[in-house]
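Take a look at the letters that make up each chain.
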Amino acid sequence: MARTIDPTKRTTLGLLLFAGAVAGCSTTGARAPGARPDEGIDYRLAETPQPTRAAPGRIEVVELFWYGCPHCNAMEPGLVAWARALPPDVAFRKVHLGLGPRWVPHQRLFCALERVGRDASLDARVFRAIHVDGRALGTRDEAAEVVAAAGVDRGAFVDAWESDAVREAMREADAFAAALGVQGVPTLVVDGRLVTSPGMTGSYHATLSVVDALLAKVRARTA
């Protein structure tokens, strides 16, 4: 029988009972820059490695997240800055999970935005609406109001929200996470098989440092 996990606790730090919680996930990590990450401590191998969507010659990095997660919200500014500075051989994308009832409307929102064209500025709007303005964004109309205020065509967004393509994207996202053995967020996956998170590394900054080291590891393997 599969173990049931309370979806309200499916953030990485909540799942792993990380000491210090938000205070522990500061922007300053304990790992020394450039230190070699340890398997089983700083990262793990995926339960079932997944094919990537990156073009040949590029390494894919995926962030699995939830708009409603306070840790994802706190990590977002540093993650965006990091992603903007990635070298040309790295392809970065985000995958929104639907691990509980509160997650599903946000997942649908994200997948609908993917259909109409989303970027980091739209993600920032959604994070702010939830974590600063206190909006649940639990319905289509509330989500549409927020994204329309950001310049997204409301009609196109509503059509996407109701589409079979969005429902399929939601199913694919959850299947992807299940295959990798991911049950919490934020989590980052390198090359479809190397999994790390703030709950493993001790901080947001350290997680990105580990991802950089894992990218170097993948480059060395394929050189």
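Scroll up for the structure.
This is a predicted model, so every value here is computed, not measured.

Caption draft 1: Molecular detail of the overall build of the protein. Helix and strand counts for the protein come out as 10 helices and five strands. Looking at the protein as a whole, 48% of its 223 residues are labelled buried. Considering only residue pairs separated by 6 or more positions, the protein has 75% of its internal contacts joining residues 24 or more positions apart. Carbon and sulfur atoms form 54% of the exposed surface of the protein, whose accessible area is close to 10,700 Å².

Caption draft 2: The pattern of salt bridges, seen in detail. Summed over the entire model, instances satisfying the criterion amount to 16 salt bridges. Note that Arg135 is salt-bridged to Glu142, the shortest N-O span being 3.6 Å. Under the relative-accessibility criterion, Arg135 is labelled partly exposed at 25%. Notably, a salt bridge pairs Glu162 with Arg140, separated by 3.1 Å at the nearest N-O pair.

Caption draft 3: Structural detail: the nonpolar core. Leu64, Tyr67, Leu97, Leu109, Leu113, Phe157 and Val185 are the most contacted members of the largest nonpolar core, which totals 42 residues. Those elements giving two or more residues to this core turn out to be strand E2 (59-65), helix H4 (103-116), helix H5 (120-131), helix H6 (140-149), helix H7 (154-161) and helix H8 (164-180). What Leu113 contacts, discounting residues up to four positions off in sequence, is Tyr67, Arg118, Leu122, Val126, Val147, Val152 and Phe157. By size, the runner-up hydrophobic cluster in this structure holds 18 residues, among which are Ile59, Leu86, Val190 and Val210.

What counts and how
- Residues numbered from 1 in each chain as written.
- Predicted model: local features only at pLDDT ≥ 70, side-chain atom pairs only at ≥ 80, totals over all residues.
- Heavy atoms only, no water.
- Helix = DSSP H or I, 4+ residues; strand = E, 2+ residues; numbered from the N terminus.
- Buried < 20%, exposed > 50% of the residue type's maximum accessible area, 1.4 Å probe, protein only.
- Contact = heavy atoms within 4.5 Å.
- Areas by Shrake-Rupley, 256 points an atom, 1.4 Å probe, with all protein chains shown as cover.
- Salt bridge = Lys/Arg side-chain N within 4 Å of Asp/Glu carboxyl O.
- Core = buried A, V, L, I, M, F, W, Y, C linked by side-chain atoms within 4.5 Å.

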